[in-house]
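For reference, the chains in residue letters:
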Amino acid sequence: MLSALLLDRWLGEPVRLHPLVGFGHLANWLEKRLNARNLSSFNSKLMGVVALLCAVVPIVGIAFYLAHCVKLPNYLNYPLECLMLYLAIGQRSLYEHTMPIARALAKNDLPTARKQVSYIVSRDTQQLTPKDIARASVESILENGHDGVIASLFYYLVGGVPLVVLHRLINTLDAMWGYKNSRFINFGWAAARFDDVMGWPSGKVTALLYILHKRPIGAQWAAWHLSRHQASHYKSLNGGMVMAAGANTLGLCLGGENATYDGRTVHAPLLGEGREVCPSDIMASLALLKRTSRQFCLITMAIGGLVFLVSML
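Every value quoted in this text rests on a predicted model; they were computed, and no experiment measured them.

Parameters at a glance
- Residues numbered from 1 in each chain as written.
- Predicted model: local features only at pLDDT ≥ 70, side-chain atom pairs only at ≥ 80, totals over all residues.
- Heavy atoms only, no water.
- Salt bridge = Lys/Arg side-chain N within 4 Å of Asp/Glu carboxyl O.
- Helix = DSSP H or I, 4+ residues; strand = E, 2+ residues; numbered from the N terminus.
- Buried < 20%, exposed > 50% of the residue type's maximum accessible area, 1.4 Å probe, protein only.
- Core = buried A, V, L, I, M, F, W, Y, C linked by side-chain atoms within 4.5 Å.
- Contact = heavy atoms within 4.5 Å.
- Lys, Arg positive; Asp, Glu negative; His and termini not counted.
- Polar contact = N/O pair within 3.5 Å; in protein donor to acceptor, adjacent residues only side chain to side chain.
- Patch = residues over 30% accessible without salt bridge, like charges linked within 9 Å, V, L, I, M, F, W, Y side chains within 5 Å.
- Areas by Shrake-Rupley, 256 points an atom, 1.4 Å probe, with all protein chains shown as cover.
- Charge placed at Lys NZ, Arg CZ, Asp CG, Glu CD.
- Disulfide = S-S within 2.5 Å.

Scanning all chains against the criterion turns up seven salt bridges. A salt bridge links Arg193 to Asp196; the shortest N-O distance between them is 2.9 Å. Pair noted here: Arg193 and Asp196 are both in helix H8 (residues 189–211), with a separation of three residues, about one helical turn. In this structure Arg193 comes out as partly exposed when scored by relative accessible area, which is 37%. With relative accessibility at 29%, the residue Asp196 sits in the partly exposed group. If you follow the salt bridges from partner to partner, you end up with Asp132, Arg135 and Glu139 in one network.

Right, dumping it as C-alpha cells:
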C-alpha cells in the first residue's frame with residue numbers, strides 16, 4: 001500500500017492508456033446498445049444489470065485468476081500487485097485537479113476557477129461564487145478521497161487486488177450511470193445500488209479516520225454522532241457520512257446552499273459544523289486526505305506487526 005501511494009505521488013495517473021479510461025469506453029459502448037429509450041422501467045433496470053455484469057465480471061475474473069490461480073514468484077507478484085493498486089489510487093490526481101482552482105481563486109480569476117471546478121463536479125458552474133467554488137472543491141476532495149484512495153486501500157487489505165478492481169469498476173459505473181435523470185434513473189439503478197453496498201464499510205472507515213484528526217482530543221465521539229445524523233438526511237448515505245466527517249474535522253459547514261444540476265436547483269442538507277468554506281480550505285482538505293491515507297497504512301502495519309509478534313510467542 002505504501003509503495004502504491006508513493007508511486008501515485010511520484011507518477012500521478014498515466015497520461016495515456018489508463019485502464020479506467022478504456023473501461024469507460026467499454027461502459028459507454030454497452031450503454032448505447034442496451035439503454036433503449038422505449039423500455040419499461042423493469043426492463044431498463046434489467047438491461048442495466050446485464051450491462052454491469054458484462055462490463056465487470058470478465059475483468060474481475062481475470063484479476064481473480066491472476067491473483068489466486070497463477071503462482072507467480074514474489075519478485076513478480078509484488079510489483080504486479082503494487083501496479084494494480086497504484087492504478088486504482090487517485091490521490092495525486094485530486095491534487096492536480098483542485099490546486100488550479102485554489103490558485104485561480106487566490107488570483108480572483110473567477111472564470112478560470114469556474115472552468116476548473118467544472119472538471120470535478122457535475123453541477124452547473126457558470127454562476128458559482130468563489131465561496132460556492134471552494135465548497136464544491138472541498139466536497140469533491142472529501143468524497144473522492146474515499147472513492148479513489150481510502151476505499152482502494154481498504155479493499156486491498158480486505159480482499160486483495162480482485163476486490164480493489166471490483167470496487168473501482170463499480171464506482172466508475174456509478175459515476176457514469178448513477179444519475180437520477182430520465183436516461184439513467186432505471187438503467188443506472190444497479191450500478192448505484194452496488195456502489196452503495198461496496199461503499200458502506202469503506203465509507204465508515206474513511207469517516208472514522210477523518211474524525212480521528214479532529215481537535216481537541218475528546219471531541220471525536222460527538223463529531224461521529226453528528227456526522228451520522230447529518231448523513232441520514234443526505235442523498236447518499238455513504239457520501240454524506242464521509243463529507244460530514246471531514247467537514248466536522250475541519251470545522252466547516254458544507255451543503256445548505258443551492259446547487260443547479262441540468263437546470264434544476266437542489267438544496268442540500270447541512271454537513272459539518274462550523275464556519276463557511278473559504279479558498280484556503282481546499283489545501284486543508286487535501287492535507288487531511290494525505291494524513292488519512294498515511295494513517296491507514298501505519299495502522300495496518302502496526303496491526304500486522306502485532307499479529308506477527310503474537311504468532312511468534
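Structure shown, so let's carry the discussion forward.
This next bit is on the nonpolar core. General note: in soluble globular proteins, nonpolar side chains tend to be found buried as a group. Val56, Val117, Leu173, Trp177, Leu254 and Ile282 are the most contacted members of the largest nonpolar core, which has 76 residues in total. If near-sequence neighbours (up to four positions away) are discounted, Leu173 is found in contact with Phe23, Ala27, Leu52, Ala55, Val56, Gly178 and Ala191.

Another point: the side chain of Asp8. Relative to the helices and strands, Asp8 resides in helix H1 (residues 2–11). For the buried Asp8, which has no salt bridge, the nearest side chain bearing the opposite charge is Arg92, at an N-O separation of 6.9 Å. From its side chain, Asp8 meets the backbone nitrogen of Gln91 in a polar contact 3.3 Å long. Once residues lying within four places of it in the same chain are set aside, the contact partners of Asp8 are Tyr86, Ile89, Gly90, Gln91 and Arg92.

What follows is about a positive patch on the surface. On the surface, Arg9, Arg215, Lys290, Arg291 and Arg294 cluster together to form a positively charged patch. Residue placement: Lys290 occurs in helix H11 (residues 280–312).

This next bit is on the state of the cysteines. With the rule as written, the count across this model stands at zero disulfides. Between Cys253, a cysteine without a disulfide, and Cys278, which holds the nearest cysteine sulfur, the sulfur-to-sulfur distance is 13 Å.

To continue, consider the side chain of Asp281. You can see Asp281 is positioned in helix H11. A distance of 2.7 Å separates a polar atom in the side chain of Asp281 from a polar atom in the side chain of Arg275. Those residues in contact with Asp281 that lie beyond four places of it in its chain are Val138, Leu252, Arg275 and Glu276.

In this structure, Pro216 follows Arg215 across a cis peptide bond, with omega equal to 5°. Within the secondary structure, Pro216 is located in the loop between H8 and helix H9 (220–231). Unusually for a residue other than glycine, Asn108 sits at a positive phi of about 60°. Within the element layout of this structure, Asn108 appears in the loop between helix H5 (91–106) and helix H6 (110–117). Residue class for Asn108 comes out exposed when judged on its relative accessible area of 69%.

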